[in-house]
Every structure is written in structure tokens, then in C-alpha cells.
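Descriptive structure summary
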Amino acid sequence: MADLVGTYLERTDDDLDVATATSASDALDALDDSVDCVISDYHMPRMDGLAFLDRVGEHVSEVVRILYTSDDDTDLMIAARDAGVDYVHKEVSTGQYAAMAAHIRRRATTDDR
């Protein structure tokens, strides 16, 4: 799924350079200051996406963090916002990737990350 989302994002916006990881530990190992945005699903093995994105913020403070989930859970949305994480609900259309790319570009180019 990560590769599919990455492919769609790159096709939607030629300026996006997307790297994917298949585990939270691999993703954390790959983080450096060149990363502008990290997107995570909520449901992952060994660590949920919100905990992962919290760890991302500890490793790289100036990064946009997006929780991308199919969960329609108000409490999760509030927890994400309280943690400084953008909450984006997964949709069933490919149009969501254009919206996600625009969201990434807008957030990654502002100073209020």
C-alpha cells in the first residue's frame, strides 16, 4: 500500500520525491533533515501510526507529520491534532492523492510546521 500511495503522489506532483518504508523502525532509521513530510497509516505492526509520528517528531523536529487513516474516529482525530499531527481520512478515489500532494506542498512550504 505504501508503494501505491508513493507512486500516486509522485505521478500527481513531479516535484515530490517519495521514499517508502515497510516498518516503523526502517522509516525511523532513514530519517534525516532532508525529509519534509512523513505520512503514516494508523494501523501498523508493533507501533500505531500516532506513536510512530511522535517518534518521528523526536528525530526530526521540522517535519510535517500526517496520519493517513481509514478510521473515522473523532478521538483519534483530536489526539492527532493535539500531537501536532495532521489527520487525513483515506478515501476510495484516486483524487485523494492530488489533495494529499497539495496538502503536503502547502504544509511543507510554510513556517508553521
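To keep things clear, this report deals only with the structure shown in the data block. (Residues numbered from 1 in each chain as written. Predicted model: local features only at pLDDT ≥ 70, side-chain atom pairs only at ≥ 80, totals over all residues. Heavy atoms only, no water.)

Let's talk about the nonpolar core
Put simply, the rule reads: Here, nonpolar core means buried Ala, Val, Leu, Ile, Met, Phe, Trp, Tyr and Cys residues that are tied together by side-chain atoms lying within 4.5 Å of each other. Three exposure classes are used, based on accessible area relative to the maximum for each residue type with a 1.4 Å probe and protein chains only: buried under 20%, partly exposed in between, and exposed over 50%. Starting at the N terminus, helices and strands are each numbered in turn, a helix being any DSSP run of H or I of at least four residues and a strand any DSSP run of E of at least two. Note on contacts: a residue pair is in contact if any heavy atoms of the two residues lie within 4.5 Å.
Counting residues in hydrophobic clusters, the biggest one holds 18 residues, and the most contacted among them are Leu31, Val38, Phe52, Leu53, Val56 and Leu67. Only α2 (24–30), α3 (49–59) and α4 (74–82) provide two or more residues apiece to this core. In terms of residues, this core owes the most to one element, α3, which gives 4 residues. The contact partners of Val56, leaving out residues within four places of it in the chain, are Leu28, Leu31, Val38, Val63 and Arg65. If you look at the next biggest cluster of nonpolar residues, it comprises 11 residues, including Leu9, Tyr68, Val88 and Ala101.

Considering the sheet that holds strand β1 (residues 37–40)
Stated precisely, the cut-off is as follows: Strand pairing follows a simple DSSP-based rule, namely that at least 2 bridges must link the two strands. Axis definition: a line fitted to C-alpha atoms, limited for helices to the stretch in contact. Angles are taken between N-to-C directions and run from 0 to 180 degrees.
Judged by pairing direction, the sheet is parallel, and its 3 strands sit side by side in the order β1-β2-β3 without closing on themselves. Strands at the two margins of the open sheet, each flanked by one partner only, are β1 and β3 (86–89). Averaged over all neighbouring strand pairs, the angle between strand axes comes to 25°, with direction disregarded. Across 4 bridges, the pairing between strand β2 (residues 64–69) and β3 is parallel.

Concerning the packing of helix α1 (residues 2–12) against helix α5 (residues 95–108)
Which entries qualify depends on this criterion: When describing relative orientation, an angle under 35 degrees is termed roughly parallel and one over 145 degrees roughly antiparallel, while 65 to 115 degrees is termed roughly perpendicular and anything else oblique. The nonpolar class holds Ala, Val, Leu, Ile, Met, Phe, Trp, Tyr, Cys and Pro. Asp, Glu, Lys and Arg form the charged class, and all remaining residues, Gly among them, are polar.
Remark: α1 packs on α5, axes separated minimally by 9 Å, with the N-to-C direction vectors making an angle of 70°. When the interaxial angle is binned, α1 and α5 end up roughly perpendicular. Each of Val5, Tyr8, Leu9 and Thr12 in α1 lies in contact with α5, whose residues at this interface are Tyr97, Ala98, Met100, Ala101 and Ile104. Split by residue class, the contact of α1 with α5 holds 8 nonpolar, 1 polar and no charged.

A few points about the packing of aromatic side chains
Stated formally: Aromatic pairing here means that ring centres of Phe, Tyr or Trp (its six-membered ring) are within 6.5 Å. Orientation follows from the plane angle: under 30 degrees is stacked, over 60 is edge-to-face, and everything else is tilted.
Here the structure, examined in full by the defined rule, presents 1 aromatic pair. Ring centres of Tyr8 and Tyr97 lie 4.7 Å apart, and the angle between their planes is 5°; this geometry places the pair in the stacked category. With Tyr8 in helix α1 and Tyr97 in helix α5, this pair connects stretches of sequence that are 89 residues apart. Judged by its relative accessible area of 5%, Tyr97 is buried.

Some words on the pattern of salt bridges
Our working rule: Definition used for salt bridges: Asp or Glu carboxyl oxygen within 4 Å of a side-chain nitrogen of Lys or Arg.
Scanning all chains against the criterion turns up 4 salt bridges. Across the pair Arg105 and Asp15 runs a salt bridge whose closest N-O atoms are separated by 3.3 Å. Here Arg105 is found in helix α5, whereas its partner Asp15 is found in the loop between α1 and α2, with 90 residues between them in sequence. Under the relative-accessibility criterion, Asp15 is labelled exposed at 61%. Through salt bridges that share partners, Asp13, Asp15 and Arg105 make up one connected network.

Overview of the pairing of β1
Sheet faces and side chains relate simply in a regular strand, where the side chains alternate between the two faces. Here is the rule we go by: Classification remark: right-handed applies to a crossover when, strands pointing away from the viewer, the course from the first strand over the helix to the second runs clockwise.
Residues Val38 and Ser40 line the buried face of β1, whereas the alternating positions Cys37 and Ile39 sit on a face that is not buried. Summarising the sheet, β1 and β2 pair through 4 bridges and their orientation is parallel. The residue bridging Ser40 from the neighbouring strand is Leu67, located in β2. Read as a crossover between parallel neighbours, the route from β1 over α3 to β2 is right-handed.

Purely geometric stuff here, so don't read any function into it on its own.
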